[in-house]
Amino acid sequence: RIPLKSPAATGNKTIICVGRLSPEKGQAGLLRAFAKVRSSRPGLELWLVGDGPERGALEALAEELGISGAVIFAGRLPEEETLAAIARSDLLVLPSFMEGLPIVLMEAMAVGVPVIASRVAGIPELVHDGATGLLFTPSNWDELASAINRLLGDETLQGMLVERAKAKVAAEFDTRKSAAELARLFNSAGGGGK
């Protein structure tokens, strides 16, 4: 089900962001950070996978920032195509202001794509800053741009984050292990007998 990491067809570096296009998901700020990073990395592309009420505004902002040629609005994709797009990317960014524990982060980590996410809600439980990914302060777009530059410019860091992230996802979020642990807990709770 989880595809293998594969290089982008174009040879350009690609950032992907998957999520509903709505204000709380932070894509407008991601576009600003991307514009800043792209000024020194002209081949960089950004894929926005998802649809929503902000699409028109985000397309207009990309135009205003002079990056519309480098931003691909892919729309909503089926799960298999989304996973394949993640696997072709160099980096997944989750810039949300509000989030639970996003499945897309786990998917990227399992595929072997380094992640950068905002430090909100349950995300720091999954993404340990500097160990399994990079975190940034929500809505601090300069900090996000710095994190993107840092990660794209350091293959050793990318490799370390990917290795540790894969291990974390495998250890903590493997459904077979979770089911076995749950069964063990049920059995031990019921095994006390009266």
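In this report, we go over the structure that sits alongside the text. From a predicted model like this one, the values you see are computed outputs, not experimental measurements.

So, how was this worked out
- Residues numbered from 1 in each chain as written.
- Predicted model: local features only at pLDDT ≥ 70, side-chain atom pairs only at ≥ 80, totals over all residues.
- Heavy atoms only, no water.
- Core = buried A, V, L, I, M, F, W, Y, C linked by side-chain atoms within 4.5 Å.
- Buried < 20%, exposed > 50% of the residue type's maximum accessible area, 1.4 Å probe, protein only.
- Helix = DSSP H or I, 4+ residues; strand = E, 2+ residues; numbered from the N terminus.
- Contact = heavy atoms within 4.5 Å.
- Phe/Tyr/Trp six-rings, centres within 6.5 Å; stacked < 30°, edge-to-face > 60°.
- Salt bridge = Lys/Arg side-chain N within 4 Å of Asp/Glu carboxyl O.

## Describing the nonpolar core
As a rule of thumb, soluble globular proteins bury nonpolar side chains together.
Here is step 1: In terms of nonpolar packing, the biggest core is built from 33 residues, with Leu 31, Val 71, Ile 116, Leu 144 and Ile 148 touching the most fellow members.
Here is step 2: No other element matches the seven residues that helix H6 (residues 141–152) contributes to this core.
Here is step 3: Contacts of Val 71, omitting those with residues within four sequence positions, involve Leu 31, Phe 34, Leu 46, Leu 48 and Ala 62.
Here is step 4: In terms of nonpolar packing, the next biggest core, distinct from the first, is built from 24 residues, Ile 86, Val 113, Val 115 and Leu 135 among them.

## A few points about the packing of aromatic side chains
Here is step 1: Taken as a whole and judged by the stated rule, the model has two aromatic pairs.
Here is step 2: Summarising the aromatic geometry, the rings of Phe 97 and Trp 141 are spaced 6.0 Å apart at their centres and angled 65° between planes, so their arrangement reads as edge-to-face. One end of the pair, Phe 97, is in the loop between strand S4 (91–94) and helix H4 (103–111); the other, Trp 141, is in helix H6, with 44 residues separating them in the sequence.
Here is step 3: Using a relative accessible area of 17% as the deciding quantity, one classes Trp 141 as buried.
Here is step 4: Between the aromatic rings of Phe 136 and Trp 141, the centroid separation amounts to 6.0 Å while the plane-to-plane angle is 50°, which identifies the pairing as tilted.
Here is step 5: Grouped by ring-pair contacts, the aromatic residues Phe 97, Phe 136 and Trp 141 constitute a single cluster.

## A look at the pattern of salt bridges
Here is step 1: Under the counting rule described, the total for this entry stands at five salt bridges.
Here is step 2: With a closest N to O distance of 3.9 Å, Lys 13 and Asp 90 form a salt bridge. Taken together, the positions of Lys 13 in the segment before strand S1 (14–18) and Asp 90 in the loop between helix H3 (79–87) and S4 put the pair 77 residues apart, joining distant regions of the chain.
Here is step 3: Take Lys 13: its relative accessible area is 33%, and that puts it in the partly exposed class.
Here is step 4: Residue classification places Asp 90 among the buried residues on the basis of a relative accessible area of 18%.
Here is step 5: Across the pair Arg 119 and Asp 129 runs a salt bridge, and its minimum N-O distance is 3.7 Å. Highlighted residues: Arg 119 in the loop between strand S5 (115–118) and helix H5 (123–126) and Asp 129 in the loop between H5 and strand S6 (134–136), separated in sequence by ten residues.
Here is step 6: Judged by its relative accessible area of 38%, Arg 119 falls in the partly exposed class.

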